[in-house]
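Breakdown of the fold
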Amino acid sequence: MTNKGIVFAAPWRVELRELPLPPAALGERDVLVKKKYTLISPGTELACLSGTEGWFRMPSVPGYAAVSEIVETGSGVKHFAAGDLVFHYGDHSAYQVVEASGVFLKAPGGIPLTWIPFARLATVALTSVRVSEIELGDNVVVTGLGLVGNLASQLARLQGANVFGIDLSERRLRMAEETGLDAAIRGDAADIREQVMKLTNGAGASALIEATGVPKVAVDSLPLLAKYGELILLGSPRGEHLTDVTEVLNYVHLNPYGNLSFKGAHEWRFPVERDPFVKHSLIRNSEIAFGLMAKNKLLVEPLISHVLKPEEAPRAYEGLRNDKENFHGVLFDWS
């Protein structure tokens, strides 16, 4: 057995390296898995690759969405066996030892293996709907139609909303239309607000899901919201943006501005395991995502642009950084 992994060696330097072999003796609750497919999470991983994420120290192996086959189990693992296919928060490596707990679930049958890792990003996107007050017939705007933004728009439509997406990429706009978006708006259009008002019969959006993580986009999008609307911060805000904070706060405080609500939608606001006192959990959200995929209510296939070998990792990240028209959903095939 040899192990290898994709390593962020330095800012904007990606390498495929040989990694240490897993330990010969597993912990009681550990399992050794061999990856089938891992999925790049573009927003998080490009931020890590840029060197601006303090929690990610280089050199390190990135990644947190995988479907794998169990090779061996520890003595205390009861519900999994060698040969089982599992979904878990695995990194971009060939082999990995992980604990069989938390979001470590048997991969459902009837779903292509390439779809399974997308449950990770679906649970990220699902948080925006969970924290919102989106109801049947509402008008929702989603800014940023990458993987997470696209999945959020699909989930908002499943809530019964009319969903309008905004992005700079023509390919992402077309992709969102393929997955059921009600209207697609170019992010550099001079009349974005006019288009939103026309689509909403002059009311504006009752909810705006901000999926880019660009602070300027969040601030500039406030005029798109209806009075008493909600701005939902799905993308983690990154980068500096200088603005008049009083103007921003007036949108929250003053009725003529809209009396808006700002809501954070980071996935870790929910517990991992089921809890009798909390309705939602990451495990429950993952299982719901699989159920929607199985019924073709949550569309994944249009989101996949590339299935690449690990040796092609530098090309994958370069494409996601500089060729967004052609690169969006990129999986690594570890077979």
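Let me sum up the structure you'll find in this document. The residue count restarts for each chain, going from 1 along the sequence in the order it is written. The model is predicted, so local features are restricted to residues of pLDDT at least 70 and side-chain atom pairs to those at 80 or more, both for listing and for counting; the totals for chains, interfaces and linings are taken over all residues. Water and hydrogen atoms were dropped before computing side-chain values, which therefore reflect all heavy atoms in the structure.

1. Looking at the overall build of the protein
As a reminder of what qualifies: Helix and strand assignments follow DSSP, with helices taken as H or I runs no shorter than four residues and strands as E runs no shorter than two, numbered in order from the N terminus. All radius of gyration figures rest on C-alpha atoms, and the globule criterion is 2.2 Å times the number of residues raised to 0.38. Residue exposure (1.4 Å probe, protein chains only): buried if accessible area is under 20% of the type maximum, exposed if over 50%, otherwise partly exposed. In this analysis, two residues are considered to be in contact whenever any of their non-hydrogen atoms come within 4.5 Å of each other. Residues scored as positive are Lys and Arg, those scored as negative are Asp and Glu, and His as well as the terminal groups of each chain are ignored. Every charge is mapped onto a representative atom, which is NZ of Lys, CZ of Arg, CG of Asp or CD of Glu.
Within the protein, the regular secondary structure consists of nine helices and 15 strands. Relative to its length of 335 residues, the protein is compact, with a C-alpha radius of gyration of 21 Å against a globular reference of 20 Å. Residues counted as buried form 53% of the 335 residues belonging to the protein. Counted over contacts in the protein with a minimum sequence separation of 6, partners at least 24 positions apart contribute 65%. Computed over 33 positive and 39 negative side-chain charges, the inter-centroid distance for the protein is 3 Å.

2. Overview of unusual backbone geometry
A cis amide bond links methionine 58 with the next residue in sequence, proline 59, at an omega value of 0°. For proline 59, the location among the structural elements is in the loop between helix 1 (42–50) and strand 4 (66–73). The residue tryptophan 12 is not glycine, and still its phi comes out positive at about 65°. Locating tryptophan 12 in the fold gives a position in the loop between strand 1 (3–10) and strand 2 (13–19). Its relative accessible area of 38% is what places tryptophan 12 among the partly exposed residues. A positive phi angle, close to 55°, is found at asparagine 201, a residue other than glycine.

3. Let's talk about the pairing of strand 11 (residues 205–210)
Moving residue by residue along a regular strand, the side chains alternate between the two faces of the sheet. Spelled out, the test is: A pair of strands is treated as paired once DSSP finds two or more bridges between them. The definition of a right-handed crossover adopted here requires that, viewed with the strands pointing away, the path from the first strand over the helix to the second runs clockwise.
Extensive coverage of strand 11 is indicated by the burial of five of its six residues. Of the pairings in the sheet, the one linking strand 8 (residues 139–143) to strand 11 comprises four bridges and is parallel in character. Bridge pairing in strand 11 places valine 140 opposite alanine 207. The handedness of the strand 11 to strand 12 (residues 225–233) crossover, carried by helix 6 (residues 215–220), is right-handed.

4. Some points on helix 8 (residues 282–294)
Just so we agree on the cut-off: Here the expected length of a helix is defined as 1.5 Å per residue gap, with one fewer gap than residues.
Its 13 residues place the ends of helix 8 18 Å apart at the C-alpha level, agreeing with the 18 Å of an ideal helix rising 1.5 Å per residue. The complete set of buried residues in helix 8 reads Leu282, Ile283, Asn285, Ser286, Ala289, Phe290, Leu292 and Met293. Where the residues of helix 8 are buried, they touch strand 5 (85–88), strand 7 (104–106), helix 2 (118–130) and helix 3 (147–158). Phi for asparagine 296, located one or two positions after helix 8, is positive at around 55°.

5. Regarding the packing of aromatic side chains
Short version of the rule: For this analysis, a ring pair means two rings from Phe, Tyr or Trp (six-membered ring only for Trp) whose centres lie within 6.5 Å, classed as stacked if their planes differ by under 30 degrees, edge-to-face if by over 60, and tilted for the remaining angles. Only when the NZ of Lys or the CZ of Arg is both within 6 Å of the ring centre and within 35 degrees of the ring normal is a charge said to sit over the ring.
A complete count under the given rule lists nine aromatic pairs for this structure. Arranged with centres 5.9 Å apart and planes meeting at 85°, the rings of tryptophan 55 and phenylalanine 56 form a pair that is edge-to-face. Residue classification places tryptophan 55 among the exposed positions, given a relative accessible area of 57%. Residues tyrosine 89 and tryptophan 268 carry aromatic rings whose centres are separated by 6.3 Å and whose planes lie at 85° to one another, so their mutual orientation is edge-to-face. With tyrosine 89 in the loop between strand 5 and strand 6 (95–99) and tryptophan 268 in the loop between strand 13 (261–264) and helix 8, the pair connects residues that are 179 residues apart, well separated along the chain. In this structure tryptophan 268 comes out as partly exposed when scored by relative accessible area, which is 43%. Members of the aromatic cluster, joined through ring pairs, are Phe8, Trp55, Phe56, Tyr317 and Phe332. Positioned above the aromatic ring of phenylalanine 80 is the side chain of lysine 106, whose terminal nitrogen or guanidinium carbon lies 6.0 Å from the ring centre. One cation-aromatic arrangement involves arginine 120 over tyrosine 64; the distance from NZ or CZ to the ring centre is 4.1 Å.

6. Some thoughts on the environment of threonine 2
Along the chain, the position of threonine 2 falls in the segment before strand 1. Owing to a relative accessible area of 61%, threonine 2 belongs among the exposed residues under this scheme. Once the C-alpha coordinates of threonine 2 and valine 31 are considered, the two residues, 29 residues apart in sequence, prove to be 17 Å apart. Apart from the residues lying within four places of it in its own chain, the contact partners of threonine 2 are Leu21 and Tyr95.

7. Comments concerning the sheet that holds strand 11
Our working rule: Axis definition: a line fitted to C-alpha atoms, limited for helices to the stretch in contact. Angles are taken between N-to-C directions and run from 0 to 180 degrees.
Taken in spatial order, the six strands of this open sheet run 10-9-8-11-12-13, and their pairing is parallel. At either end of the open sheet lies a strand with only one pairing partner, and these are strand 10 (183–186) and strand 13. Taking each pair of neighbouring strands and ignoring which way they run, the sheet shows an average axis angle of 20°. Pairing analysis gives four bridges linking strand 12 to strand 13, with the strands arranged parallel.

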